[in-house]
Structure formats: structure tokens, C-alpha cells
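Structural characterization, general
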Amino acid sequence: MNLPRDDATGPGPALALRSVSHAYSRTPALREVSLTVEPGEVVAVTGPSGCGKSTLLHVAAGLLVPQAGSVDLLGTDLHDLDETARAVLRRRGVGIVLQYGQLVPDMTLEDNVALPLLLDGGDLAASRTAARDALARVGLEQAGQAVPEELSGGQAQRAAIARALITSPRLLLADEPVASLDAVAAADALDLMLAVARRDGGAVVLVTHDNLVAATADREVRLREGRVERETVLR
Ligand SMILES: Nc1ncnc2c1ncn2[C@@H]1O[C@H](COP(=O)(O)OP(=O)(O)OP(=O)(O)O)[C@@H](O)[C@H]1O
């Protein structure tokens, strides 16, 4: 196995896709997409349903190997890594938040949030302490022993964000992370994710169909039929 080094993120972009193309059987999902995301930058990926946003996020995370083009994740060309090494790089350097949080239903919140550390061989007590700290940062310090079904949608999403941030990822990838939340919970969750970039210098890629969410980014990349249709610098 070709393991990434812990310091596998030298200077340079957090993410660089170059001429990436991918099709599912006969359906083209991405066509020669190039996208670079710098440390500290928030990029919104937008576009109509089916334009390839989720596929782009899966490619960026190394969960899907595209049929053409190259992907540099945190300074490492994913072609150089096997599946296990990609999983290690993802676990150590990338946080992922999906629409419904996807917490493990029969684990406490504390253990859900500790999971990325435990999967990486972290000590149980230390990982749980870190999880309690992470839960406190998202306002859930009282809920560590709850299980996901006892939470509101907004609380569950905040816990999922705590889990994504527990490794201090240098890249946060979020797929419609606030689409299932009401306006107040959505603004709250968005603030937590944007703090990664604004305060901690990590990069954030937000897939969203919501113009208000996209407007919080530094740059909007709009896809159409698998291609980059437009890039707009917002701030
Ligand atoms: N696992 C799959 N198998 C076959 N086709 C797929 C698969 N996943 C996505 N597709 C197709 O690839 C294209 C891009 O899909 P993708 O989910 O990336 O778009 P999207 O912009 O995220 O859509 P939405 O906003 O509706 O979630 C679509 O035509 C979709 O039907």
C-alpha cells in the first residue's frame, strides 16, 4: 500500500481537478471539468439537477475514480494511491458532510463524532474527549449520550459537521449540507462550515442548488450537462 504521508499537503491547492470526465455506463456526468480550490477558499458548485454536482464531489473526495483526467487532493495525485491509501488521506485530511448527516443510528453522538479518530487507530478515551470538545463547538455539549433519532434535523446536521471537523480537515466537502434544514438551522450550520475557511484556513466546497447558500462562497462554479458553464468570483 502506498500510504500518504501525514504532511501530504504541501503548499499549493487543496484540490485540483484537471480535465476530469466521467460517465456512468452511457450517461456522461462530467465532461472535461477543471477546478482548483485554494486553501482558505469557499467554492460553491451549483447547477440544475443531474448536471454532475454530486459526481464532482465524489471525485474530489477520491470516492470515485474518474475515467479521464487527474485529481490532486491535498497535494497528492489520486492516481498514485490505491483505495486504502485514498481512504487514509480522506480520513486524515478531508471532512465530508452530506444532506442528511448520515450519522450511525445506534451509536451515541459522542461515538459518532469520535469515529474518524477511532477508525484511524485513535485511543478511545482521547477520541471521546475530542468528540465532546467538537460537540461543544457546535452547541451540542449536552447531547453526547443521545442517539441520532433523539435529535432534531438541525442538531443531527450540527453533529455531522462536528464529525467532519474533528480531524481539522484541510478540505471540507459538503453535498447539499443544509437542504434538509429550516432557515435558522441552515444559517447556523452554514456558519459552522464557513468558519473552517474564514477562521482556520481550510478549503470548503459546497454543492448547493440554493442561491442564498451559493452567495456565501468566494466563488461560484456553475455546471451544466457535466461541463463548467460559468465561474463567478463573489468576493
Ligand atoms: N450511480 C449512478 N449510476 C448511473 N447514473 C448516475 C449515477 N449517479 C449519477 N448518475 C447520472 O449522472 C448524471 C449526474 O448526476 P449527479 O448526481 O452527479 O448530478 P447532480 O447535479 O448532483 O444532481 P442532483 O442535483 O439532482 O443531485 C445524471 O444524469 C445522473 O442521472
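Because the structure is predicted, anything quoted here is derived from the model rather than measured.

**Some remarks on the pairing of strand β1 (residues 15-24)**
In this structure, β1 lies alongside strand β2 (residues 27-37), joined through seven bridges in antiparallel fashion. Pairing of A23 across the sheet is with P28, part of β2. Following β1, the chain reverses through two residues before pairing antiparallel with β2; S25 in that reversal takes a positive phi of roughly 40 degrees. Sheet topology note: the β1/strand β4 (residues 68-73) ladder contains five bridges and is antiparallel. Across the sheet, L15 pairs through a bridge with L73, a residue of β4.

**Comments concerning the packing of helix α3 (residues 109-119) against helix α4 (residues 124-137)**
For any two helices packed against each other, one specifies the crossing angle of their axes together with the interaxial distance. At their nearest, the axes of α3 and α4 sit 8 Å apart, and the two run at 120 degrees to each other. Considering their axes alone, α3 and α4 lie oblique with respect to each other. Regarding α3 and α4, the two cross each other, and that crossing is right-handed. Residues L109, E110, D111, V113, A114, L117 and L118 of α3 lie in contact with α4, whose contacting residues are L124, S127, R128, A130, A131, R132, A134 and L135. Its residues assigned to classes, the contact of α3 with α4 comprises 10 nonpolar, one polar and four charged.

**A few points about the UniProt feature "domain: ABC transporter" (unreviewed entry) in the protein**
Sequence positions flagged by UniProt for "domain: ABC transporter" (unreviewed entry) are, in local numbering, residues 15-235. Annotated as 35% helix and 28% strand, the span residues 15-235 places its first and last C-alpha atoms 19 Å apart.

**Some thoughts on the site of the ligand**
Taken together, Y24, T27, A29, P48, S49, G50, C51, G52, K53, S54 and T55 form the complete shell of residues around the ligand. Contact between the ligand and K53: an oxygen atom at 2.7 Å from a side-chain N or O atom of the residue. For the ligand, an oxygen atom lies 2.6 Å from a polar atom in the side chain of T55. For the shell around the ligand, the elements supplying multiple residues, two or more each, are β2 and α1 (53-60). For the shell around the ligand, the leading source of residues is α1, giving three residues. Classifying every residue of the shell around the ligand by side-chain character gives four nonpolar, six polar and one charged.

**Re helix α5 (residues 153-165)**
When the terminal C-alpha atoms of α5 are compared, their 18 Å separation across 13 residues agrees well with the 18 Å that a helix rising 1.5 Å per residue should span. In terms of residue burial, α5 counts as a mostly covered element, since 11 of its 13 residues are buried. Every buried residue of α5 is listed here: G154, A156, Q157, R158, A159, A160, I161, A162, R163, A164 and L165. On its buried face, α5 is in contact with β6 (94-97), α3, α4, β7 (171-175) and α6 (183-198).

**With respect to the sheet that holds β7**
The mixed open sheet is built from six strands, whose spatial order is β6-β7-β8-β3-β9-β10. Looking at which strands have only one partner, the edges of the open sheet turn out to be β6 and β10 (227-233). Geometrically, the sheet is characterised by an average inter-axis angle of 15 degrees between neighbouring strands, direction not taken into account. Direction of pairing for β6 relative to β7: parallel, over a ladder of four bridges. The residue bridging I96 from the neighbouring strand is L173, located in β7. On the sheet, helix α2 (residues 83-93) packs against β6 and β7 and is oriented at approximately 80 degrees with respect to β6. Against the sheet, α5 engages β6 and β7, with an angle of about 165 degrees to β6.

Definitions and limits used
- Residues numbered from 1 in each chain as written.
- Predicted model: local features only at pLDDT ≥ 70, side-chain atom pairs only at ≥ 80, totals over all residues.
- Heavy atoms only, no water.
- Pairing = 2+ DSSP bridges.
- Helix = DSSP H or I, 4+ residues; strand = E, 2+ residues; numbered from the N terminus.
- Axes fitted to C-alpha atoms, helices over the stretch in contact; angles between N-to-C directions.
- Parallel < 35°, antiparallel > 145°, perpendicular 65-115°, else oblique.
- Left-handed = near helix turned anticlockwise from the far one by under 90°.
- Contact = heavy atoms within 4.5 Å.
- Nonpolar A, V, L, I, M, F, W, Y, C, P; charged D, E, K, R; others polar.
- UniProt positions renumbered as here; feature names shortened; annotations may be inferred.
- Near = heavy atom within 4 Å.
- Polar contact = N/O pair within 3.5 Å; in protein donor to acceptor, adjacent residues only side chain to side chain.
- Expected span 1.5 Å × (residues − 1).
- Buried < 20%, exposed > 50% of the residue type's maximum accessible area, 1.4 Å probe, protein only.

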